[in-house]
Amino acid sequence: MLPAQTTQIKTKGSDATVSMTPNWRVGGQQLNIMWYAGASQTKRFFVVTEKGVAADQPAYLVNPELGVRMVRVSFDGGPPVSLKPTLARAPFDVPPGAKAVTRVEIDYGPADAAQTVVWK
């Protein structure tokens, strides 16, 4: 599990702090970044603290796995590889000879103004 990173999401009537701790694993020459493993496990990957009216919450705060807009990964300090996830995981092919993941970025929040969280 990656260490927690936090971002602030402000929407009409809502101000939320979202702390993320996605999981990762390597298998079959793929690096998988995951943030959903069933409804009860989502609380392990996302902690949402909100000030405001719950009725005003956008869907990605009610179901936080829906707020991941883009995932980028760098191997061995190289340029990032981007993936727009369609599921609650992002599978990246590990380049031949790669020794380490040196950076992970996740864009989270509203589709038109997502916040970027970074792990190095």
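Everything discussed here concerns the structure shown above.
Computed from a predicted model, the values in this text were never measured in an experiment. (Residues numbered from 1 in each chain as written. Predicted model: local features only at pLDDT ≥ 70, side-chain atom pairs only at ≥ 80, totals over all residues. Heavy atoms only, no water.)

*Asks:* Where do I start with the layout of surface pockets in this structure?
*Replies:* It is a probe the size of a water molecule, rolled over the atoms, that shows where empty space is left. Of the volumes computed, that of the largest pocket is approximately 160 Å³. Examining the composition of the lining of the largest pocket, we find that four residues originate from one element, strand β9 (residues 101–108), more than from any other. Among the residues forming the lining of the largest pocket, the class breakdown is eight nonpolar, one polar and two charged. (1 Å grid on protein atoms, 1.4 Å probe; cavity = no way out; pocket = protein on both sides within 12 Å on 5 of 7 lines; lining within 4 Å. Points joined across faces, edges and corners; volume = space filled by probe spheres on them. Helix = DSSP H or I, 4+ residues; strand = E, 2+ residues; numbered from the N terminus. Nonpolar A, V, L, I, M, F, W, Y, C, P; charged D, E, K, R; others polar.)

*Asks:* Can you help me understand the sheet that holds strand β3 (residues 23–27) in this one?
*Replies:* Taken together, three strands build an open sheet; the order of strands is β3-β4-β8 and the sheet is antiparallel. Of all strands in the sheet, those bounded by a partner on one side alone are β3 and β8 (89–93). Recorded for the sheet is a direction-independent mean angle of 20 degrees between the axes of neighbouring strands. Bridging between β3 and strand β4 (residues 30–34) involves five bridges; their strand directions are antiparallel. (Pairing = 2+ DSSP bridges. Axes fitted to C-alpha atoms, helices over the stretch in contact; angles between N-to-C directions.)

*Asks:* Could you clarify how one ought to interpret the environment of serine 74 in this entry?
*Replies:* Structurally, serine 74 can be placed in strand β6 (residues 68–75). What makes serine 74 buried here is its relative accessible area of 4%. Distance in space between the C-alpha atoms of serine 74 and valine 94 is 9.9 Å, their sequence separation being 20 residues. Excluding residues within four positions of it along the chain, serine 74 makes contact with Pro79, Pro80, Ala100, Val101, Thr102 and Arg103. At 3.2 Å, the side chain of serine 74 and the backbone oxygen of glycine 78 are in polar contact. (Buried < 20%, exposed > 50% of the residue type's maximum accessible area, 1.4 Å probe, protein only. Contact = heavy atoms within 4.5 Å. Polar contact = N/O pair within 3.5 Å; in protein donor to acceptor, adjacent residues only side chain to side chain.)

*Asks:* Sorry if this is basic, but what is going on with the packing of aromatic side chains here?
*Replies:* Geometrically, a pair of aromatic rings is defined through the distance of the ring centres and the angle of the planes. As enumerated under the stated definition, the model contains two aromatic pairs in all. Here the aromatic rings of phenylalanine 46 and tyrosine 108 are separated by 5.6 Å at their centres, their planes lie at 35 degrees, and the arrangement is tilted. With phenylalanine 46 in strand β5 (residues 46–52) and tyrosine 108 in strand β9, this residue pair connects regions lying 62 residues apart in the sequence. What makes phenylalanine 46 buried here is its relative accessible area of 5%. (Phe/Tyr/Trp six-rings, centres within 6.5 Å; stacked < 30°, edge-to-face > 60°.)

*Asks:* How should I be thinking about the nonpolar core in this particular structure?
*Replies:* Most often, soluble globular proteins have nonpolar side chains that are buried together. Ranked by internal contacts, the top residues of the largest apolar core, which has 24 residues, are Ile33, Val71 and Tyr108. Only β2 (14–20), β4, α2 (59–62), β6, β8, β9 and β10 (115–119) provide two or more residues apiece to this core. Ranked by residues supplied to this core, first place goes to β6 with four residues. Discounting chain neighbours no more than four positions away, the residues touching valine 71 are Ile33, Trp35, Val81, Ser82, Leu83, Pro85, Ala90, Phe92, Glu105 and Ile106. (Core = buried A, V, L, I, M, F, W, Y, C linked by side-chain atoms within 4.5 Å.)

*Asks:* Sorry if this is basic, but what is going on with the sheet that holds β9 here?
*Replies:* What holds strands together in a sheet is hydrogen bonding between their backbones, with the strands either parallel or antiparallel. The sheet built from four strands is open, its strands ordered β7-β6-β9-β10 with antiparallel pairing. The open sheet is flanked by β7 (81–83) and β10, the only strands paired with a single partner. Across the sheet, the axes of successive neighbouring strands diverge by a mean angle of 20 degrees, strand direction being ignored. Where β6 meets β9, seven bridges bridge the pair, whose relative direction is antiparallel. From the neighbouring strand, phenylalanine 75 faces β9, where its bridge partner is valine 101.

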